[in-house]
Amino acid sequence: MDTVWTPASWQQRPAAQQPEYPDSEALQSVLANLAQLPPLVTSWEVEDLKSQLAAASRGEKFVLQGGDCCERFDECTSDIIVSKLKILLQMALILVHGSRRQVIRLGRFGGQYAKPRSSDTEIRDGVSLPAFRGDLINGAEFLPQVRTPDPERLIRGYGKAALTINFIRALGTGGFADLHHPQQWNLRFASNTPQEGRYQGTVARILDAIEFVETILGESISELGTAAFYTSHEGLLLWYEQAQTRQVPRRPGFYNLSTHFPWIGDRTRMLDGAHVEYFRGIANPIGVKLGPSITPRELLHLIEKLNPANEPGRLTLIHRFGVDRIDACLPPLIEAVQQAERIVLWCCDPMHGNAELTETGVKTRRFDNILGELDRAFAIHRRLGTWLGGVHFELSGEDVTECIGGARGLGAQGLSQAYRSLVDPRLNYEQALEMALLIADRIKP
Ligand code: PEP
Ligand code: CO
């Protein structure tokens with residue numbers, strides 16, 4: 001039986017993937033401080049996103065969600081933020097053009113600092129220390145004092161998130177005026193490949209369309225507020241989420257005002273667990289990641305808990321099965337949701353079911369498997385009459401070398417050139433741009 005919900009009621013449930021803070025008084029004093037700080041987003045932005053997601057669930061819009069697997073405090077820099085926004089905006093333009101629909105831009109940023117781990121500890125040369133759980137919790141360096149969870153990091157994380165969101169908001173109002181200049185679109189990766197002409201053709205048509213619209217309107221599209229971004233992160237560290245859960249004047253309920261869209265990870269979506277308890281009570285639009293272990297029955301229970309009123313836009317189901325398992329896993333879930341007449345937005349994360357290790361033990365993902373899972377996802381939803389309304393990527397705007405494949409043909413040997421992720425491998429600028437060009441072909445009306 002569900003008891004009365006409060007922002008703290010999750011503390012009565014088993015909470016997976018939480019750190020053990022050695023000094024609980026220090027934690028409580030940080031949380032009291034965090035609860036006093038101003039919110040990072042507003043309730044009206046959150047409600048606006050929810051109504052846009054409702055439109056996406058009706059097939060009227062498409063969602064592009066993307067960013068790092070794990071944001072790092074020391075990557076809160078101008079260059080890295082600008083290049084991440086640039087790739088997301090370019091991908092969104094490509095998807096608008098392909099789908100003939102508005103694209104909702106949802107960053108994995110401004111709080112994506114906490115990670116679930118498969119093991120609580122890491123052992124090196126016989127020494128066992130707590131696993132690195134993201135900068136919000138501890139440091140990556142393999143030293144006892146660095147790996148000990150430190151509550152002060154909650155305040156630092158809030159600060160980095162605020163700096164990131166502040167800069168993104170500023171860039172959104174005019175900072176991307178140049179995006180439609182051809183030199184901003186780097187297609188060199190496709191030079192001398194069979195795809196070259198097709199990719200250049202698509203980008204030329206997009207730039208043409210922008211110029212046409214700007215000529216008619218007599219103003220630059222960047223002045224039309226087209227660069228608005230929403231933020232999202234996995235709501236993993238519940239102390240952090242609770243401290244920023246607020247009531248606002250003139251609206252009922254509680255909002256998590258650390259982000260527009262928090263989601264529950266595949267490892268913390270247990271029906272009776274603390275995460276589902278916390279998420280059921282907030283008013284934000286939320287996501288849930290669905291991996292191969294979810295059953296249709298369990299999914300219906302989860303939906304009943306998280307969206308009992310069947311509110312449109314409230315719940316996004318982000319499936320991530322892997323190219324080999326999606327055919328078996330996805331159709332029964334879609335059919336169950338259809339039969340129960342539940343309103344959800346379907347989104348495909350083609351990253352998290354497709355991780356593999358190279359022969360030398362490097363964690364990677366293949367471009368072809370990522371695209372392959374998306375292909376299967378589009379085909380399955382089309383066959384069952386549902387709208388796949390979004391895609392979810394781990395990507396970087398930099399020239400990192402973490403995933404294999406793409407037109408440039410990055411191989412396993414090339415991964416060491418610029419492998420920077422401490423957790424999951426991301427698509428780089430070129431791979432992400434190419435992925436958007438290929439998806440655009442698949443979502444043409
Ligand atoms: C993630 O999105 O980085 C993640 C851990 O995903 P999942 O919960 O789907 O495994
Ligand atoms: Co990840």
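Before reading further, recall that the structure is shown in the block above.
Residues numbered from 1 in each chain as written. Chains lettered and ligands numbered in written order. Predicted model: local features only at pLDDT ≥ 70, side-chain atom pairs only at ≥ 80, totals over all residues. Heavy atoms only, no water.

## A few points about the pattern of salt bridges
- Inspection of every chain in the model, using the stated rule, returns 29 salt bridges.
- Linking Asp 68 and Lys 84 is a salt bridge whose minimum nitrogen-to-oxygen distance equals 2.7 Å. With Asp 68 in the loop between strand E1 (61-67) and helix H3 (78-99) and Lys 84 in helix H3, this residue pair connects regions lying 16 residues apart in the sequence.
- Since its relative accessible area comes to 3%, Asp 68 is described here as buried.
- A relative accessible area of 7% places Lys 84 in the buried class.
- Residue Arg 320 is joined to Asp 266 by a salt bridge in which the shortest nitrogen-to-oxygen separation is 3.6 Å. Here Arg 320 is found in the loop between strand E10 (315-319) and helix H10 (326-339), whereas its partner Asp 266 is found in the loop between strand E8 (261-264) and helix H8 (274-281), with 54 residues between them in sequence. (Salt bridge = Lys/Arg side-chain N within 4 Å of Asp/Glu carboxyl O. Helix = DSSP H or I, 4+ residues; strand = E, 2+ residues; numbered from the N terminus. Buried < 20%, exposed > 50% of the residue type's maximum accessible area, 1.4 Å probe, protein only.)

## Observations concerning the coordination of the cobalt ion (ligand 2)
- Surrounding the cobalt ion (ligand 2) are the protein donor atoms Cys 69 (SG), His 352 (NE2), Glu 394 (OE) and Asp 424 (OD), which sit 2.1 to 2.4 Å from the metal.
- Motif for the cobalt ion (ligand 2), donor spacing along one chain: C-x282-H-x41-E-x29-D. Of the two residues, Cys 69 is situated in the loop between E1 and H3 and Glu 394 in strand E14 (residues 388-394); the sequence distance between them amounts to 325 residues.
- On the basis of relative accessibility, which here comes to 1%, the residue Cys 69 falls in the buried class.
- On the basis of relative accessibility, which here comes to 0%, the residue Glu 394 falls in the buried class. (Donors = N, O, S within 2.8 Å, 3.2 Å for Na, K, Ca; no water.)

## Topic: the site of ligand 1
- For ligand 1, the full set of nearby residues is Cys 69, Arg 108, Lys 115, Pro 116, Glu 234, Trp 263, Gly 265, Asp 266, Lys 289, Arg 320, His 352 and Glu 394.
- In this structure, an oxygen atom belonging to ligand 1 sits 2.8 Å away from a main-chain N or O atom of Asp 266.
- Considered class by class, the residues forming the shell around ligand 1 number three nonpolar, two polar and seven charged. (Near = heavy atom within 4 Å. Polar contact = N/O pair within 3.5 Å; in protein donor to acceptor, adjacent residues only side chain to side chain. Nonpolar A, V, L, I, M, F, W, Y, C, P; charged D, E, K, R; others polar.)

## Considering the environment of Pro 149
- Structurally, the position occupied by Pro 149 is in the loop between helix H4 (144-147) and helix H5 (152-172).
- Judged by its relative accessible area of 11%, Pro 149 falls in the buried class.
- Once residues lying within four places of it in the same chain are set aside, the contact partners of Pro 149 are Pro 19, Glu 20, Tyr 21, Pro 22, Ile 137 and Asn 138. (Contact = heavy atoms within 4.5 Å.)

## Focus: the side chain of Asn 354
- Tracing the backbone shows Asn 354 in the loop between strand E11 (345-348) and strand E12 (355-357).
- Judged by relative accessible area, Asn 354 falls into the buried class, the value being 5%.
- A distance of 2.9 Å separates a polar atom in the side chain of Asn 354 from the backbone nitrogen of Val 323.
- Residues within four places of Asn 354 in sequence aside, it is in contact with Gly 322, Val 323, Thr 364, Arg 365, Arg 366, Asn 369, Ile 370 and Glu 373.

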